[in-house]
Amino acid sequence: MNLMVEYILAALLVFGGIFGIVGSFGLLKLPQMLQRLHAPTKATTLGVGSALIASMAYFWFYEDRVSWHELMITLFLFLTAPITANFIAKAQLHRAINKEDLPPTGVGTQWATYDPEVQAVSPILLDDRDPG
Amino acid sequence: MILNYALDFAFLCFGLGLAMNLYRVFRAPGVTDRILALDTMVINVLTLIVLYGMRTKSGVNFEAALLFAMTGFVSTVAYCKFVLRGDIIE
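Anyway, here's the lowdown on the structure attached to this text. Quantities reported herein were computed from a predicted structural model and do not represent experimental measurements.

A tally of regular secondary structure across chain B gives three helices and zero strands. Going from N to C terminus, chain B has its helices and strands arranged as α-α-α. With respect to the three principal axes, the spread of C-alpha positions in chain B is 55 × 30 × 10 Å. Out of the 90 residues in chain B, the part that is buried amounts to 39%.

Given below as structure tokens:
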């Protein structure tokens, strides 16, 4: 039992390490910026999640206490990684890619980040005059 | 003990990843690459903190890791916002 737990933990750590280094290596090696965006946001997040699960199981089995911090860090990372990826992709779309070079969206409307109606702030927020 | 070797391997992987991100911060074709590299550096350092906690068998540093994750997220979003709009809070 003890040996099996140790093997599982070691496998999780090695898995996490491999995915972490693949993510950072992809950031160096992939040819285009929007392809490079995929490597850290997917591979590294998976590697970090694996290492955090290994840490949680380690404290559970060897120190006899459940540490919830790892779960919170995992949840937080998995929630925020898509948001940061979306922001970086948006910055790249506006800085380095021509609007005409993008493929059609196929739904009749244009890309949401160029759509003035999507970008407009809600009318309630725009109307900040004192109603008197 | 095989767990110690696995821990060493994970340290090595994430440390090498950190070095690659540092190279990408200094040599990058555009500013979005630098933002992405800084974001990945935050994630790698966070993992190193967690692995260090496993090595020293103490959970003291995990709050620091949590705060680090939050600060990294907010700083990445602020940097992107600055690149997009020239201002952070309009």
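What follows deals with the packing of helix H4 (residues 69-96) of chain A against helix H3 (residues 62-85) of chain B. Packing of H4 of chain A against H3 of chain B leaves a shortest axis separation of 10 Å and a crossing angle of 15 degrees. Overall, the two elements H4 of chain A and H3 of chain B adopt an arrangement that is roughly parallel. Relative to H3 of chain B, the crossing made by H4 of chain A is left-handed. Across the contact of H4 of chain A with H3 of chain B, the residue classes tally to 17 nonpolar, five polar and four charged.

Nonpolar side chains in soluble globular proteins tend to be buried together. Formed by 30 residues in total, the largest nonpolar core has its most connected members in Leu13 and Ala51 of chain A together with Ala10, Val50 and Leu51 of chain B. Looking at this core, the elements with two or more residues in it are helix H1 (2-29), helix H3 (38-62) and H4 of chain A together with helix H1 (2-26), helix H2 (31-56) and H3 of chain B. With seven residues, the single largest contributor to this core is H3 of chain A. If we skip the residues at most four places from it in the chain, leucine 13 of chain A touches Ala51 and Ala54 of chain A together with Ala6, Leu7, Phe9 and Ala10 of chain B.

Turning our attention to the interface of chain A and chain B. At the junction of the two partners, chain A supplies 45 residues and chain B supplies 44 residues. The set of elements that each furnish at least two residues to the side of chain A that touches chain B consists of H1, helix H2 (33-36), H3 and H4 of chain A. Looking at the side of chain A that touches chain B residue by residue, the classes come out as 26 nonpolar, 13 polar and six charged.

How each quantity is defined
Residues numbered from 1 in each chain as written. Chains lettered and ligands numbered in written order. Predicted model: local features only at pLDDT ≥ 70, side-chain atom pairs only at ≥ 80, totals over all residues. Helix = DSSP H or I, 4+ residues; strand = E, 2+ residues; numbered from the N terminus. Buried ≥ 20, exposed ≤ 12 C-beta atoms within 10 Å, placed from the backbone. Axes fitted to C-alpha atoms, helices over the stretch in contact; angles between N-to-C directions. Parallel < 35°, antiparallel > 145°, perpendicular 65-115°, else oblique. Left-handed = near helix turned anticlockwise from the far one by under 90°. Nonpolar A, V, L, I, M, F, W, Y, C, P; charged D, E, K, R; others polar. Core = buried A, V, L, I, M, F, W, Y, C linked by C-beta atoms within 7 Å. Contact = placed C-beta atoms within 7 Å.

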